[in-house]
Amino acid sequence: MANLKEIRNRITSVSSTMQITSAMKMVSAAKLKKAQDAITAMRPYAEKLTELLQNLSATLDGGAGEEFTTQREVKKVLVVVITSNRGLCGAFNTNVIKEAKNRVDFYAGKQVDFFAIGKKGNDVLTKSNTVIENQSSVFDRLTFDNVAAIADTLTQKFLSGEYDKIELIYNQFKNAATQLVQTEQFLPLAPVKTDLNVAPSDYIFEPSKEEIVLTLIPKSLKTQLYKGIRDSFASEHGARMTAMHKATDNATALRNQLKLTYNKARQAAITNEILEIVGGAEALNG
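Residues numbered from 1 in each chain as written. Predicted model: local features only at pLDDT ≥ 70, side-chain atom pairs only at ≥ 80, totals over all residues. Heavy atoms only, no water.

**Q** Looking at this model, I keep getting lost on the overall build of the protein. Mind explaining?
**A** Looking only at helices and strands, one finds six helices and five strands in the protein. A compact globule built from 286 residues would reach a C-alpha radius of gyration of about 19 Å, whereas the protein, at 29 Å, exceeds it by more than 25%. Referenced to the eigenvectors of the C-alpha coordinate spread, the extents of the protein come out at roughly 115 × 40 × 35 Å. Each of the 286 residues in the protein was classed as buried or not, and the buried ones make up 37%. For the protein, the share of sequence-separated contacts (at least 6 apart) that also reach a separation of at least 24 residues comes to 78%. (Helix = DSSP H or I, 4+ residues; strand = E, 2+ residues; numbered from the N terminus. Rg over C-alpha atoms; globule rule 2.2 N^0.38 Å. Buried < 20%, exposed > 50% of the residue type's maximum accessible area, 1.4 Å probe, protein only. Contact = heavy atoms within 4.5 Å.)

**Q** How should the nonpolar core be read in this particular structure?
**A** Generally speaking, nonpolar side chains in soluble globular proteins are found buried as a group. Ile 117, Leu 154, Phe 186 and Leu 225 are the most contacted members of the largest nonpolar core, which has 39 residues in total. For this core, the secondary-structure elements that each account for two or more residues are α1 (2–58), β1 (76–82), β2 (111–117), α5 (144–159), β4 (165–175), β5 (178–187) and α6 (209–285). Of all the elements, α6 adds the most residues to this core, at ten residues. Once residues within four sequence positions are removed from consideration, Leu 225 is found in contact with Ile 82, Ile 117, Val 147, Ile 150, Ala 151, Leu 154, Leu 168 and Phe 186. Within the second largest apolar cluster, 13 residues are counted, among which are Val 77, Val 81, Phe 114 and Leu 125. (Core = buried A, V, L, I, M, F, W, Y, C linked by side-chain atoms within 4.5 Å.)

**Q** Just to check I follow, could you spell out unusual backbone geometry for this structure?
**A** Among all residues except glycine, the phi angle is most often negative; among peptide bonds, the trans geometry is most common. At the junction of Leu 187 and Pro 188, the peptide bond is cis and its omega measures out at -5° in the coordinates. Mapping Pro 188 onto the fold places it in the loop between β5 and α6. The backbone phi angle of Leu 88 is positive, close to 55°, even though this residue is not glycine. Structurally, Leu 88 can be placed in the loop between β1 and α3 (92–106).

**Q** So what exactly am I meant to see when it comes to α5 here?
**A** The periodicity of an α-helix, 3.6 residues per turn, causes residues three or four positions apart to be oriented the same way. The end-to-end C-alpha separation of α5 is 22 Å, in line with the 22 Å expected for 16 residues at 1.5 Å each. Turning to α5, its buried residues number three or more, namely Val 147, Ala 148, Ile 150, Ala 151, Leu 154, Thr 155, Lys 157 and Phe 158. Once α5 ends, the next one or two residues include Gly 161, with phi positive near 85°. (Expected span 1.5 Å × (residues − 1).)

Printed below as a string of structure tokens:
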């Protein structure tokens with residue numbers, strides 16, 4: 001009977017776990033819808049802003065915005081690692097952290113520091129690398145203004161010459177089951193690729209092109225970072241929903257197996273008791 005009690009305790013434990021994972025799955029599914037709508041609505045704006053900036057930059061003769069595009073010799077690199085504040089989301093954080101460590105190998109011989117956005121990335125990277133700052137609180141109130149302040153900090157670190165290159169690493173949201181790890185160059189701005197077969201866009205500029213470019217570049221950088229964090233936020237809920245769905249399925253299968261084992265053990269115990277009773281009765285009659 002002690003064995004039966006142990007199995008009953010395991011069934012209770014697995015059932016409790018299944019309820020928790022099922023609840024977490026439903027919560028993530030509800031949050032995913034809102035996060036998915038936000039990043040889907042933002043992408044066209046971010047892409048159009050980048051296109052406009054590229055068209056303007058391609059027609060400039062002067063050096064407007066040159067401080068943002070200067071390609072310096074890379075000696076010090078800052079990698080912005082965007083992860084989550086909580087776990088239980090499969091390989092979501094692990095994939096980003098792995099890619100971040102790969103950048104250290106890629107820039108072998110150069111100083112590579114990290115700027116963490118998210119507790120999970122900060123906790124792992126601080127053990128073996130230099131993390132100059134952690135901005136995990138941005139997820140408590142994810143707004144453009146809060147992210148813009150972080151973008152201003154990163155931009156200043158590049159313009160002051162503290163770092164020669166800044167990169168972003170994050171999970172790009174594709175769907176609830178798929179997240180793609182992206183590595184993007186934040187600063188300096190990548191050279192514009194022009195197509196000689198495509199005529200430049202015809203715009204009327206007011207004020208001058210130079211003033212517009214100098215306004216658009218900081219706006220574009222803030223938008224790029226905000227899009228990356230929004231992508232990561234939606235990916236986190238998608239990854240957690242998928243992970244909790246699989247965990248619930250596994251818990252259900254394990255509970256069913258334990259119930260079957262329990263019933264078999266109970267039937268065997270009852271059979272043994274009957275055999276003992278019958279054996280005792282036969283002994284009395286004999």
